[in-house]
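Descriptive structure summary
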Amino acid sequence: MSIYNTTVFMPSEFTLIGIPGLESVQCWIGIPFCAMYLMAMIGNSLLLIIIKSEHSLHQPMYIFLGMLGVTDIALSTSIVPKMLGIFWFHVTEIYFDSCLLQMWLIHTFQGIESDILLAMALDRYVAICYPLRHAAIFSHQLVTQIAAMVTLRAAVLVAPCLVLIKFRLQFYHTTVISHSYCEHMAVVKLVAENIRVNKIYGLFVAFTVAGLDIVLITLSYIQIFITVFRLPQKEARLKAFNTCVAHICVFLQFYSLGFFSFFAHRFGSHIPPYIHILFSSTYLLVPPFLNPLVYGAKTKQIRVHMIKIFCS
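First, a word on scope: everything that follows refers to the structure included in this document. (Residues numbered from 1 in each chain as written. Predicted model: local features only at pLDDT ≥ 70, side-chain atom pairs only at ≥ 80, totals over all residues. Heavy atoms only, no water.)

1. Focus: a nonpolar patch on the surface
A surface patch of nonpolar side chains, amounting to about 630 Å² of accessible area, comprises Val25, Trp28, Ile31, Trp88, Phe89 and Val91. Put simply, the parts of the chain that give the nonpolar patch at least two residues each are helix 2 (26-53) and helix 4 (80-89). Looking at the secondary structure, you find Trp88 in helix 4. Overall, Trp88 belongs to the partly exposed group, its relative accessible area being 33%. (Patch = residues over 30% accessible without salt bridge, like charges linked within 9 Å, V, L, I, M, F, W, Y side chains within 5 Å. Areas by Shrake-Rupley, 256 points an atom, 1.4 Å probe, with all protein chains shown as cover. Salt bridge = Lys/Arg side-chain N within 4 Å of Asp/Glu carboxyl O. Helix = DSSP H or I, 4+ residues; strand = E, 2+ residues; numbered from the N terminus. Buried < 20%, exposed > 50% of the residue type's maximum accessible area, 1.4 Å probe, protein only.)

2. What to know about the packing of helix 2 against helix 3 (residues 60-77)
At their nearest, the axes of helix 2 and helix 3 sit 9 Å apart, and the two run at 150° to each other. It follows from the interaxial angle that helix 2 and helix 3 lie roughly antiparallel. The handedness of the crossing between helix 2 and helix 3 is left-handed. Contact residues: helix 2 offers Tyr37, Met41, Asn44, Ser45, Leu47, Leu48 and Ile51, while helix 3 offers Tyr62, Leu65, Gly66, Gly69, Val70, Asp72, Ile73, Ser76 and Thr77. Partitioned by chemical class, the residues of the contact of helix 2 with helix 3 number 9 nonpolar, 6 polar and 1 charged. (Axes fitted to C-alpha atoms, helices over the stretch in contact; angles between N-to-C directions. Parallel < 35°, antiparallel > 145°, perpendicular 65-115°, else oblique. Left-handed = near helix turned anticlockwise from the far one by under 90°. Contact = heavy atoms within 4.5 Å. Nonpolar A, V, L, I, M, F, W, Y, C, P; charged D, E, K, R; others polar.)

3. Here's the deal with a positive patch on the surface
Positive charge collects at one region of the surface, where Lys239, Lys298, Lys300 and Arg303 lie side by side. Note that Lys239 resides in helix 10 (residues 234-267). (Lys, Arg positive; Asp, Glu negative; His and termini not counted. Charge placed at Lys NZ, Arg CZ, Asp CG, Glu CD.)

4. Quick notes on the packing of helix 3 against helix 5 (residues 96-129)
Packing of helix 3 against helix 5 brings their axes to within 10 Å, and their N-to-C directions diverge by 165°. In terms of orientation, helix 3 and helix 5 fall into the roughly antiparallel class. In the packing of helix 3 onto helix 5, the handedness of the crossing is left-handed. Residue-level contacts link Pro60, Met61, Phe64, Leu65, Met67, Leu68, Thr71, Asp72, Ala74 and Leu75 of helix 3 to Ile106, Phe109, Gln110, Ile112, Glu113, Ile116, Leu117, Ala119, Met120, Asp123 and Arg124 of helix 5. Of the residues assigned to the contact of helix 3 with helix 5, the class counts are 15 nonpolar, 2 polar and 4 charged.

Here it is, written out as structure tokens:
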């Protein structure tokens, strides 16, 4: 009978407290988060406008870049408005189903972004290692199929996490989530029941998506570097390497922050909660903010068209 007296049965809503330990300064923390969000929206929107309006950019690499921009806009929009509502207006309550929806959107868009980075790495691999066959392999039909596949794969893999929480877990120690958004493990840790299945499936999804993608991306770039260093001319090596610099920068910043957040949630009990929450929130906002800056600075075609827009 004690479980009924000390727990909450099927709560209708949760309370997001934001960044535990920093509640008094959250209003100031929200300012850089809001600035990054606005810059991400403007930068990625400019990228999409340039890619759509310039026929010369209707190539697989830039189409994947446009898909990345759409994903970044959707990912940041699923987090920041509610987060700023907590920081600035103390709107901490969120309905149970809304929390699950936000969780599904966040983890789905994370999976889509990881898969797009893999597609971009494979595109560079074929373009550099098999340049004469690139146009035949990466046709518009294949690009469309990749877009549909990465979206479906992430959505389907993440959906059982919601089903397991919704229909398997009923009793919760508390309804207060020590986080600024609804993250899978942050919600599961509130449960007063056996959560082994939820943890195992969460690890399965993480390693199926991010783990497999990292291995394939790493192998692709290893093969790219081997091919580049075999080129006889220095100018050709620099030109081939420059086409990959932006992808490598985005790849490193996305996965380095992501893995810190992932392992801190599961094994970082000694890490102060406010550091973990700050890193988790930054991890989801920095890629959408930096991606258009990195590609705008490192990709000549994007840079030229962006300068034309600002000059006009």
